[in-house]
Amino acid sequence: MTRMKKIIHFFDRFAFKILILWVIVLSVLYSTLSIVRHNHFQSGGFDLGLYDQTVWQYSRFLWPYNTIKDRFILGDHLTLTLPLLSPLFWLWDDVRILLVFQAVAIASSSVAIFLLAKIRKFPAYVAFAVAWAYSLFYGIQYGVFFDFHPVLFGVALLAWFVYFFEIKKTTLWILFLSLALLTQENMGLALASLGCIYFFRREHRKYGIWFFIGGVIVSLLASKIVTWFSPVGFQYWPKISFNPIAIVTSLFDSEEKRQVWLYTLSSFSFLSLLSPGAMAAIVLDLAQYFSTGPEFSRMWSPFMHHRAILALFVCLGALEAFDFFRKKKISLFWVTLVLVVMTLVFQFVYHFPLNKLTKYEYWKYENWMGDNEKLIKEIPISSGIATQQSLISHLSHREKIYLVWPREHDFPEMPCGKISCWWLDFGGRPEYLLIDLHPNQWVTQLLETNDHVLSALVNMEKMGKIKKVSSVGDARLYSIHYSD
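Presented here is a report on the structure given in the accompanying data block.

## Focus: the sheet that holds strand E8 (residues 466-472)
Then, in step 1: Strands sit in the order E4-E3-E7-E9-E8 across an open sheet of five strands; the sheet is mixed. Pairing within the sheet leaves two strands with one partner each, and these edge strands are strand E4 (401-403) and E8. Here the strands of the sheet are splayed against their neighbours by 25° on average, with no regard to which way each runs.

And the structure:
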């Protein structure tokens, strides 16, 4: 028996068991990746903090008014599946359980991909390789690394929907599709993208048309519902142009957009280029983000949760490519080998997040982290607290938590020696203010420089707005005083 046949025979016998083992290992790796980041105060109020407060409120049967964004939670995104996650906090009342759940949900969805490939009559080694490559897709890795977000749950649900749809388990595919559509308003566009893919599969063409039409309608309706709960309307409407040149240009007119295209197409060894349906799905998905304008340029990035949903489209495109090779009598073994090798190569060449687990710096625990933890323990759980972006998710199991926004204001009293002085704005009437001023923080942690935040604290103390209660290292806890 040749080495190739031995490998094929081995996967015929053990592929599913190896995949289950991989799902367990990957769940641990993804959980570790996000928990270490959170423990080191690199997670934030957007999005872990705001979703944690909401799920915590649901778990306590409280009205889900999100004080971080100062609105009813459905006025931000139509996240109707969040109440289903609330029992997690009955098991472990800690924000980290959301990160564990996310890791397990997205890792286990690779089982759906494996089963899908098997029902399309691909060999077990092909099914395993495609499911494995899907589980390591860059958008999934960055989604897990970035923070908790319902989009990753939606991706997992859609993967199972596709599997149950193709095996004609009507009740189950309707259930999983319904849950996916309830996860966030853009899941309708994800369904429309899947419609593009199924339009090119003759046996599913009618469904593809209905998926496209229905998906667009669902997303438009869901976005409209968000406006009913939002004080500022739906913030993420794309700026649609009817100029074909402008449309095409908007897909490639920044370095981040071009990087997204590179990462997306190189995933699965560029196999999705052989699938017209997958390419249409990718274009439709990216268009909703790339056409939003510079004010939402963060959604252009390859390094956040927005790219996770592409995993399913690129994966289905790869399966279409494998089917093409099979019809052309091209050895699937060598195509699979290229897929596996290139996935590993790109993992290290592009330095995707799982690589961080091999770096000493990622695990390094610094003294300022312990300072924050000590000071956080001093804050009563029943008290309202205003704090910076990087501390929100460590304090969000409470009804009143507010994000601090450093800004300049004009004061006739000139506390800083001039009229325009730095100040810390926040909503509500919290009792405490918590700020960490350890050196070399990212702008995303304080939303300003250390010097400007320190200046704001000095000004607020001079004006009698705050009074220091406690400090540990560079972490400071203040009580807040109101004039009325």
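## Some thoughts on the state of the cysteines
Then, in step 1: Throughout the structure, instances matching the rule amount to one disulfide.
Then, in step 2: At a sulfur-sulfur separation of 2.0 Å, the disulfide partner of cysteine 416 is cysteine 421. Linking cysteine 416 and cysteine 421, the disulfide has an S-S dihedral of approximately -80° and is accordingly described as left-handed.
Then, in step 3: With no disulfide partner, cysteine 196 has as its closest neighbouring cysteine sulfur the one in cysteine 315, 17 Å distant.

## Describing a nonpolar patch on the surface
Then, in step 1: On the surface, Phe199, Phe200, Ile209, Trp210, Phe212, Ile213 and Ile217 cluster together into a nonpolar patch covering about 700 Å² of accessible area.
Then, in step 2: Here the nonpolar patch gets five residues from one element, more than from any other, and that element is helix H10 (residues 205-229).

## Describing the packing of helix H8 (residues 170-183) against helix H9 (residues 187-199)
Helix-helix packing is characterised by the crossing angle of the two axes and by the distance between the axes.
Then, in step 1: One way to put it is that H8 packs onto H9 with a least axis distance of 7 Å and a crossing angle of 130°. The orientation of H8 relative to H9 falls into the category oblique. Residues Leu177, Ala180, Leu181 and Thr183 of H8 pack against Met187, Gly188 and Leu191 of H9.
Then, in step 2: Of the residues belonging to the contact of H8 with H9, the class tally is five nonpolar, two polar and no charged.

## Comments concerning the environment of leucine 220
Then, in step 1: Mapping leucine 220 onto the fold places it in helix H10.
Then, in step 2: In this structure leucine 220 comes out as partly exposed when scored by relative accessible area, which is 46%.
Then, in step 3: Put simply, leucine 220 and phenylalanine 10 are 210 residues apart on the chain and 48 Å apart in space, counted from C-alpha to C-alpha.

## A closer look at the nonpolar core
Then, in step 1: Tyr134, Leu158, Phe161 and Phe313 are the most contacted members of the largest nonpolar core, which has 143 residues in total.
Then, in step 2: Considering each element in turn, this core owes the most residues, 13 residues, to helix H7 (residues 150-166).
Then, in step 3: Contacts of leucine 158, omitting those with residues within four sequence positions, involve Leu177, Ala180, Met187, Ala190, Leu194, Ile309 and Leu312.
Then, in step 4: Listed in part, the 20 residues of the second largest apolar core include Trp422, Trp423, Phe426 and Leu446.

## Quick look at the pattern of salt bridges
Then, in step 1: Evaluated as defined, the whole model comprises 14 salt bridges.
Then, in step 2: Residue aspartate 93 pairs with arginine 60 through a salt bridge whose shortest N-O separation is 2.8 Å. With aspartate 93 in the loop between helix H3 (88-91) and helix H4 (96-119) and arginine 60 in the loop between helix H2 (45-59) and strand E1 (65-66), this residue pair connects regions lying 33 residues apart in the sequence.
Then, in step 3: Note that lysine 257 is salt-bridged to aspartate 253, the shortest N-O span being 2.7 Å.
Then, in step 4: Residue class for lysine 257 comes out buried when judged on its relative accessible area of 1%.
Then, in step 5: Residues participating in the shared-partner salt-bridge network are Arg120, Glu166, Arg201, Glu203 and Glu320.

## What to know about the packing of aromatic side chains
Then, in step 1: Tallied over the full model, the rule gives 42 aromatic pairs.
Then, in step 2: For the pair phenylalanine 165 and tyrosine 198, a centre-to-centre distance of 5.2 Å together with 70° between the ring planes defines the contact as edge-to-face. Placement of phenylalanine 165 in helix H7 and of tyrosine 198 in helix H9 is noted, with a sequence separation of 33 residues between them. Each of the two residues, phenylalanine 165 as well as tyrosine 198, counts as buried.
Then, in step 3: Among the aromatic residues, those joined into a cluster by ring pairs are Phe137, Tyr138, Tyr142, Tyr263, Phe303, Phe346, Tyr350 and Phe352.
Then, in step 4: Positioned over the ring face of tyrosine 482 is arginine 429, at 4.2 Å from the centre of the ring.

## Here's the deal with the environment of valine 469
Then, in step 1: Take valine 469: it is sitting in strand E8.
Then, in step 2: Put simply, valine 469 and leucine 434 are 35 residues apart on the chain and 10.0 Å apart in space, counted from C-alpha to C-alpha.
Then, in step 3: Look past the residues within four positions of valine 469 in its chain and what remains in contact with it is Leu477, Tyr478 and Ser479.

## What about H9?
Then, in step 1: The end-to-end C-alpha separation of H9 is 18 Å, in line with the 18 Å expected for 13 residues at 1.5 Å each.
Then, in step 2: When you tally the buried positions in H9, you get twelve out of 13 residues, the bulk of the element.
Then, in step 3: Looking at H9, one finds that the buried residues are Met187, Gly188, Leu189, Ala190, Leu191, Ala192, Ser193, Leu194, Gly195, Cys196, Ile197 and Tyr198.
Then, in step 4: Residues of H9 that are buried sit in contact with H7, H8, H10, helix H13 (276-290) and helix H14 (310-327).

The rules behind the values
Residues numbered from 1 in each chain as written. Predicted model: local features only at pLDDT ≥ 70, side-chain atom pairs only at ≥ 80, totals over all residues. Heavy atoms only, no water. Pairing = 2+ DSSP bridges. Helix = DSSP H or I, 4+ residues; strand = E, 2+ residues; numbered from the N terminus. Axes fitted to C-alpha atoms, helices over the stretch in contact; angles between N-to-C directions. Disulfide = S-S within 2.5 Å. Patch = residues over 30% accessible without salt bridge, like charges linked within 9 Å, V, L, I, M, F, W, Y side chains within 5 Å. Areas by Shrake-Rupley, 256 points an atom, 1.4 Å probe, with all protein chains shown as cover. Salt bridge = Lys/Arg side-chain N within 4 Å of Asp/Glu carboxyl O. Parallel < 35°, antiparallel > 145°, perpendicular 65-115°, else oblique. Contact = heavy atoms within 4.5 Å. Nonpolar A, V, L, I, M, F, W, Y, C, P; charged D, E, K, R; others polar. Buried < 20%, exposed > 50% of the residue type's maximum accessible area, 1.4 Å probe, protein only. Core = buried A, V, L, I, M, F, W, Y, C linked by side-chain atoms within 4.5 Å. Phe/Tyr/Trp six-rings, centres within 6.5 Å; stacked < 30°, edge-to-face > 60°. Lys NZ or Arg CZ within 6 Å of the ring centre and 35° of its normal. Expected span 1.5 Å × (residues − 1).

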